[in-house]
Amino acid sequence: MASSNTEIAHEFPPFFRVFKDGRVEKLMIPHDPPPLHPKPGVEYKDVVISSETGVSARVVTHNYLTSLVAAANLIAVSVDYRLAPEHPLPIAYDDSWAALQWISSHANGSGPEPLFNNHVDFGRVFLVGESAGANIAQHVAVRAGVTGLGGVKPVGLILAHPFFVGKEPDKMIEFLYPSCSRVNDDPKLNPTVDPNLSKMGCERVLVFVAEKDWLKSRGVGYCETLGKSGWTGAVELMENEGEDHCFHLFNSNSEKAEMLMKRTVSFINQE
């Protein structure tokens, strides 16, 4: 009989497997680690969002984000939210919301991080995410519109190849979100059932989809749903032909990745 420390209880390739002894093995290796020598004029540092939960963020993280910071002349905060399955959903949503609250605590110039007190334009805040991170960014944008942040109102939302649940059962999400009885009916995962979607807390939304990405239809569908929700902002959709999910992170120097970068910069710097 196989030892429990090698026996697999759950497996969801290509993402992770869980062993019967509780260990979790992540199957996807992170791409673009933090640069040892950032681009000229670009700096990065780690900050603590919450000492109670241990949530932190890195101001500039991997090479793609470093390039975006340099190109758009901005300060980027990459939230190190706690990951499922070790930390089941909706913890990642709450951690990300806490990060935006932490940022907004600097709006009056008396926050814990001098960089934000002295150099951030709180009238030009953008929320950005890719894949599952795009799902979280979308939820945070809606939550900002419903709850308000005091001193901060996001201007735009950028979603690259967003993950939203569809009508079909999703066993992996059900495993990652055990407290949710029907993931298809949860507005965090499925914006089409969100009664607050029209209260989206930003003026502009840019959605990227990739032709070969199995999530393409959900990104397109999201744009249609948002447009019909009663939200009064402007939504744009850009498709990268011949590309797959998150291609720009795996090959950030490709021509189409550079096109995606330029469109992102243009969206952010748009007056």
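Quick caveat, the model's predicted, so the values are computed rather than measured.

What to know about the environment of arginine 263
Item 1. With respect to the element layout, arginine 263 can be found in helix α8 (residues 255-269).
Item 2. Along the chain, arginine 263 and methionine 238 lie 25 residues apart, while their C-alpha atoms are 8.9 Å from each other.
Item 3. In contact with arginine 263, other than residues within four places in its own chain, are Leu206, Phe208, Glu236 and Met238.
Item 4. In this structure the side chain of arginine 263 is engaged in a polar contact, spanning 2.3 Å, whose partner is the side chain of glutamate 236.

As for the confidence of the model for the chain
Item 1. Here the chain shows a mean pLDDT of 87. Residues at 70 or above account for 89%.
Item 2. Below a pLDDT of 50 lies the segment residues 30-37, which in the model reaches 20 contacts outside its immediate sequence neighbourhood of four places, other chains included.

A few points about the sheet that holds strand β7 (residues 126-130)
Item 1. In spatial order, the strands read β7-β8-β9-β10; together these four strands make up an open sheet with parallel pairing. Single-partner strands in this sheet number two, and they are β7 and β10 (234-240). Taking each pair of neighbouring strands and ignoring which way they run, the sheet shows an average axis angle of 10°.
Item 2. Bridge analysis of strand β9 (residues 204-210) against β10 gives seven bridges, and the strand direction is parallel. Of the residues in β10, the one forming a bridge with arginine 204 is alanine 234.
Item 3. Seen against the sheet, α8 touches β7, β8 (156-160), β9 and β10 and runs at an angle of roughly 175° to β9.

Looking at the pairing of β8
Strand residues, when the strand is regular, have side chains that alternate between the two faces of the sheet.
Item 1. The element β8 is largely enclosed, with a buried count of five among its five residues.
Item 2. In terms of strand pairing, β7 meets β8 through five bridges, oriented parallel. Counted as the bridge partner of valine 128 is isoleucine 158 from β8.
Item 3. The β-α-β motif built from β7, the intervening helix α4 (residues 132-147) and the parallel element β8 has right-handed crossover chirality.
Item 4. When β8 meets β9, the two strands line up parallel, connected through five bridges. The residue of β9 that forms the bridge with leucine 157 is valine 205.

Comments concerning the sheet that holds strand β2 (residues 16-19)
Item 1. Strand order across the open sheet formed by three strands is β1-β2-β3, with antiparallel pairing between neighbours. The strands lining the two open edges of the sheet, one partner per strand, are β1 (8-12) and β3 (24-26). On average, adjacent strands in this sheet sit at an angle of 15° to one another, irrespective of strand direction.
Item 2. In this sheet, β3 lies alongside β2 in antiparallel orientation, the contact comprising three bridges. Residue pairing in the sheet places phenylalanine 16 in a bridge with lysine 26 of β3.

Remarks on the environment of aspartate 170
Item 1. Considering the arrangement of structural elements, one finds aspartate 170 in the loop between β8 and α5 (171-176).
Item 2. In this structure, the C-alpha to C-alpha distance between aspartate 170 and asparagine 184, residues 14 residues apart in sequence, is 8.5 Å.
Item 3. At a separation of 3.1 Å, a polar atom in the side chain of aspartate 170 contacts the main-chain amide nitrogen of isoleucine 173.

Quick word on the packing of aromatic side chains
Item 1. Scanning the entire structure with this criterion turns up six aromatic pairs.
Item 2. Plain terms: the ring middles of phenylalanine 12 and phenylalanine 175 are 5.6 Å apart, the flat faces sit at 35° to each other, and that makes the pair tilted. A residue pair is termed long-range when its members are at least 10 positions apart, and phenylalanine 12 in strand β1 and phenylalanine 175 in helix α5 qualify at 163 residues.
Item 3. Residue classification places phenylalanine 175 among the partly exposed residues on the basis of a relative accessible area of 26%.
Item 4. Here the aromatic residues Phe12, Phe16 and Phe175 are joined through ring pairs into a cluster of three or more.
Item 5. In this structure, arginine 23 packs its charged tip against the face of phenylalanine 19, placed 4.2 Å from the ring centre.
Item 6. Over the aromatic face of phenylalanine 267 sits the side chain of arginine 204, whose NZ or CZ is 4.4 Å from the ring centroid.

Cut-offs used in this document
- Residues numbered from 1 in each chain as written.
- Predicted model: local features only at pLDDT ≥ 70, side-chain atom pairs only at ≥ 80, totals over all residues.
- Heavy atoms only, no water.
- Helix = DSSP H or I, 4+ residues; strand = E, 2+ residues; numbered from the N terminus.
- Contact = heavy atoms within 4.5 Å.
- Polar contact = N/O pair within 3.5 Å; in protein donor to acceptor, adjacent residues only side chain to side chain.
- pLDDT = per-residue confidence, 0-100.
- Pairing = 2+ DSSP bridges.
- Axes fitted to C-alpha atoms, helices over the stretch in contact; angles between N-to-C directions.
- Buried < 20%, exposed > 50% of the residue type's maximum accessible area, 1.4 Å probe, protein only.
- Right-handed = clockwise from strand over helix to strand, strands pointing away.
- Phe/Tyr/Trp six-rings, centres within 6.5 Å; stacked < 30°, edge-to-face > 60°.
- Lys NZ or Arg CZ within 6 Å of the ring centre and 35° of its normal.

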